[in-house]
Amino acid sequence: MGQSQSDSLAAFAAERLARLEKEGLRRELHATSRHGAAAVKRGGRRLISFCDNDYLGLASDPRVARAAADAALAHGAGAGAARLVTGDCPLNAEVETKLAAMKQMPAARVFGSGYLANIGTIPAVVGPGDLIVIDHLAHSCLHTGARLSGAEVRVLPHNYAEQAHKLLEGDFPRKLLVTETVFSMDGDIAPLAALSAACDEHGAWLMTDDAHGFGVVKLDNPAPIQSGTLSKAAGGYGGYVAGSRELIDLLTSRARSFVYATGLPPAVLGAASVALDIMQAEPERGARAMAHARLFSELVGLHAAKSAIVPVLLGDAHRAMRASAALEAKGFLVTAIRPPTVPDGMARLRVTFSAAHEEADVRRLAEAVSEIRK
Ligand SMILES: *Cc1c(COP(=O)(O)O)cnc(C)c1O
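Reading the values: the criteria
- Residues numbered from 1 in each chain as written.
- Predicted model: local features only at pLDDT ≥ 70, side-chain atom pairs only at ≥ 80, totals over all residues.
- Heavy atoms only, no water.
- Phe/Tyr/Trp six-rings, centres within 6.5 Å; stacked < 30°, edge-to-face > 60°.
- Helix = DSSP H or I, 4+ residues; strand = E, 2+ residues; numbered from the N terminus.
- Buried < 20%, exposed > 50% of the residue type's maximum accessible area, 1.4 Å probe, protein only.
- Core = buried A, V, L, I, M, F, W, Y, C linked by side-chain atoms within 4.5 Å.
- Near = heavy atom within 4 Å.
- Polar contact = N/O pair within 3.5 Å; in protein donor to acceptor, adjacent residues only side chain to side chain.
- Areas by Shrake-Rupley, 256 points an atom, 1.4 Å probe, with all protein chains shown as cover.
- Nonpolar A, V, L, I, M, F, W, Y, C, P; charged D, E, K, R; others polar.
- Contact = heavy atoms within 4.5 Å.
- 1 Å grid on protein atoms, 1.4 Å probe; cavity = no way out; pocket = protein on both sides within 12 Å on 5 of 7 lines; lining within 4 Å.
- Points joined across faces, edges and corners; volume = space filled by probe spheres on them.
- Salt bridge = Lys/Arg side-chain N within 4 Å of Asp/Glu carboxyl O.

Asks: Account for the packing of aromatic side chains, naming residues and giving values.
Replies: The tally for this structure, following the rule as stated, stands at 5 aromatic pairs. Geometrically, the ring pair formed by F296 and F353 is tilted, given 5.1 Å between the ring centres and 45° between the ring planes. One end of the pair, F296, is in helix α12 (residues 284-300); the other, F353, is in the loop between β14 (347-352) and α14 (359-373), and 57 residues separate them in sequence. Comparing F296 with F353 shows no difference in burial state: the two are buried. Taken together, the aromatic side chains of F50, F296, F332 and F353 make up a single cluster linked through ring pairs.

Spelled out as structure tokens, the structure:
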């Protein structure tokens, strides 16, 4: 009698895990509860978090939480179905109207998450026989969307606009250049004007993912396809794409992750709606997150921060893990970021700043990080 399927699968998984462990790449969950803005509890200890994407402190804003509760009580806990079937709660349109206005685009469509927005949108606009040029450091879901499309994929060295001209050459029915606005792991910014000019010259469309720019970094963005998330600065959950009315209507019919996935729960939409109002009414929140990032980069002696994300490169995955543990011992939560999230040999601390942080804590963190870098 052979091994059971479950046993052979477990043996395979154990072997893979042992290899990951050896390379310092095994990932594990740690129960961590949030306690107000920027504070978490882990293992009974209170830590100040410098690694979440809640840039404006809205994830714990009582106005946003109350809107979530109110929406759930008014509309129920779940959407019940995909939006095209019976799940199009009117809160979707409310959020989409606000998003379109904030993105200064004619229309927007909300998706289940930023991940779903990207993997649905790319294959809806290009397919087999077409060309995608995508930045090397673009988020995993953008690369996944590119592969799902079946188009030819060429990888652009990070932010290398001149090279985009070369890569966009060739005769293809459709061409798409995919990048982020603010890069999630490096905090740097794409040369949008130069990339857009390359697209103009080669008959391509530019698509940007603004997951880490929205609400924090103001950019002139000429891209006709602009995706993003409601799970970072907006403090909640969900994704979106903004563009022309025609593009949004096409996605509504053709983006599989929209058509075949259940709509967002009303509570999530209610939270997003109020969070977007606060983002517009209180722009000083984004400015405060940026000021913290600039102060930190200056104190540690790094390149001046261009966004609320400051990478502290350490190279080796084990070294990054040790640095993270040392900071945790001092009361700071800064998770180590390792491959494959970042390229091999580029493990780091990814320090993120929020309007919810106090300047004194930013200064204490800078001191602790400076010590580690010595
Ligand atoms: C976080 C992130 C996403 C995924 O968004 P979710 O709403 O969390 O699914 C997509 N793109 C980038 C650049 C991100 O950082």
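Asks: Now, about the nonpolar core: what can you tell me, with residues and values included?
Replies: Nonpolar side chains tend to gather and get buried jointly when the protein is soluble and globular. Judged by nonpolar contacts, the single largest core of 36 residues is most densely connected at V95, L99, V216, L230 and M279. If you list the elements that add at least two residues to this core, you get α2 (62-75), α4 (90-103), β4 (107-111), β10 (239-243), α11 (266-281) and α12. Ranked by size, the runner-up nonpolar core spans 27 residues in total, among them L314, A347, A368 and V369.

Asks: Tell me what's going on with the site of the ligand, and back it up with residues and numbers.
Replies: The environment of the ligand is made up of 15 residues, and the closest members are G114, D209, H212, T229 and K232. Within the side chain of S231, an N or O atom sits 3.1 Å from an oxygen atom of the ligand. Compared with its free state, where it exposes 380 Å², the ligand has 87% of that area covered by protein. Here the shell around the ligand takes 3 residues from helix α5 (residues 114-125), the largest share from any one element. The residue inventory of the shell around the ligand, partitioned by class, reads 3 nonpolar, 9 polar and 3 charged.

Asks: Please provide a residue-by-residue account of the side chain of N118, values included.
Replies: By secondary structure assignment, the location of N118 is in helix α5. On the basis of relative accessible area, N118 is assigned to the buried category, the value being 2%. The residues touching N118, leaving out its near neighbours within four places in the chain, are P123, C141, L142, G145, M207, D209 and S227.

Asks: Tell me about the layout of surface pockets, and name the residues and values.
Replies: Its volume calculated, the largest pocket comes out at about 1500 Å³. In this structure, the largest pocket is lined by 47 residues; those nearest its centre are R27, T335, A336, I337 and T341. Broken down by secondary-structure element, the contributors of at least two residues to the lining of the largest pocket are α1 (5-22), β1 (32-34), β2 (39-42), α6 (140-149), α13 (317-329), β13 (336-337) and β14. With 5 residues, the top contributor of residues to the lining of the largest pocket is α13. Across the lining of the largest pocket, the residue classes tally to 17 nonpolar, 16 polar and 14 charged. Around the second largest pocket sit 24 residues that line it, and M102, F214, G215, V217 and K218 are the ones nearest its centre. Mapped by element, the contributors of at least two residues to the lining of the second largest pocket are α4, α11 and α12.

Asks: Let's hear about the pattern of salt bridges: which residues, and what values?
Replies: All told, the structure shown has 23 salt bridges when counted by the stated rule. For R83, the salt bridge identified is with E96, shortest N-O distance 2.9 Å. Note that R83 is positioned in helix α3 (residues 83-87) and E96 in helix α4, a separation of 13 residues in sequence. Both residues of the pair, R83 and E96, belong to the buried class. Between D130 and R174 there is a salt bridge, with the nearest N and O atoms lying 3.1 Å from each other. Residue D130 is found in the loop between α5 and β5 (131-135), and its partner R174 is found in the loop between α7 (161-167) and β7 (175-180); the two are separated by 44 residues along the sequence. Of the residues examined, R174 reaches a relative accessible area of 36% and is grouped as partly exposed. Each of D61, R63, E282 and R285 takes part in salt bridges that share partners, so that together they form one network.

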